[in-house]
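# Geometric and topological summary
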Amino acid sequence: MSEVDFAQSLQDGLQVMLIMGAPPLLAALAIGLVIALLQALTQINEATLVFVPKMVAVTLVIALTGGWMVGQLTEYATRLFDQVLVVGVS
């Protein structure tokens, strides 16, 4: 495996990680923003108010997109193993 192939594999891994991590992080960001806005409007400054809705939203997003995430990870792992096998054979 050349340095270019290794760098490409690392880049692909980082891209898959970012793509898989985006939905739960965006859900947590959106819920946090909405609750922060509500806290600012009502002047309720309770720090623990954000945790439960964020946990529920992230869990829901992971439950909804879990199959897609597994598919992305499986596709990446298959490509990676194929590269390793091709290099090992030659």
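Now for a look at the structure at hand. Everything numeric in this text was worked out from a predicted model, so none of it was measured.

Moving on, we come to the overall build of the protein. If you tally the helices and strands in the protein, you get two helices and zero strands. By the compact-globule yardstick of 12 Å for 90 residues, the protein is too spread out, its C-alpha radius of gyration being 20 Å. The principal-axis extents of the C-alpha atoms in the protein amount to approximately 65 × 25 × 15 Å. Out of the 90 residues belonging to the protein, those deemed buried represent 20%. In the protein, the proportion of contacts linking residues at least 24 apart, taken out of those at least 6 apart, comes to 72%. Summed over its atoms, the accessible surface of the protein is roughly 6,800 Å², and 76% of this surface lies on carbon and sulfur atoms.

Even without being a glycine, Gln 43 presents a positive backbone phi close to 60°. Residue position: Gln 43 is located in the loop between helix H1 (3-42) and helix H2 (51-89).

A few words on H1. Counted at 1.5 Å a residue, the expected span for H1 with its 40 residues is 58 Å, and the 56 Å between its end C-alpha atoms agrees. At Ala 22, H1 shows its maximal bend, which comes to roughly 40°, and the proline Pro 23 appears one to four places after that position. Those residues of H1 that sit buried are Ser 9, Asp 12, Gly 13, Val 16, Met 20, Pro 24, Ala 27, Ala 28, Gly 32, Ile 35 and Gln 39. Of the residues flanking the end of H1, it is Gln 43, one or two places downstream, whose phi is positive at about 60°.

Before going further, it helps to examine the environment of Leu 29. Along the chain, Leu 29 falls in helix H1. A C-alpha to C-alpha distance of 9.8 Å links Leu 29 and Val 58, two positions 29 residues apart in sequence.

On to the pattern of salt bridges, then. Using the criterion set out here, one finds one salt bridge in the structure. A salt bridge links Arg 79 to Glu 75, with the nearest nitrogen and oxygen atoms 3.2 Å apart. Linking Arg 79 with Glu 75, this pair stays in helix H2, spanning four residues, or about one helical turn. Arg 79 sits in the partly exposed class, given a relative accessible area of 35%. Judged by its relative accessible area of 44%, Glu 75 falls in the partly exposed class.

This part is about a nonpolar patch on the surface. Judged by side-chain polarity, Val 34, Leu 37, Leu 38 and Leu 41 come together as a nonpolar surface patch covering roughly 410 Å² of accessible area. Within the secondary structure layout, Leu 41 lies in helix H1.

About the thresholds
Residues numbered from 1 in each chain as written. Predicted model: local features only at pLDDT ≥ 70, side-chain atom pairs only at ≥ 80, totals over all residues. Heavy atoms only, no water. Helix = DSSP H or I, 4+ residues; strand = E, 2+ residues; numbered from the N terminus. Rg over C-alpha atoms; globule rule 2.2 N^0.38 Å. Buried < 20%, exposed > 50% of the residue type's maximum accessible area, 1.4 Å probe, protein only. Contact = heavy atoms within 4.5 Å. Areas by Shrake-Rupley, 256 points an atom, 1.4 Å probe, with all protein chains shown as cover. Expected span 1.5 Å × (residues − 1). Bend = angle between axes of the 7 residues up to and from the residue. Salt bridge = Lys/Arg side-chain N within 4 Å of Asp/Glu carboxyl O. Patch = residues over 30% accessible without salt bridge, like charges linked within 9 Å, V, L, I, M, F, W, Y side chains within 5 Å.

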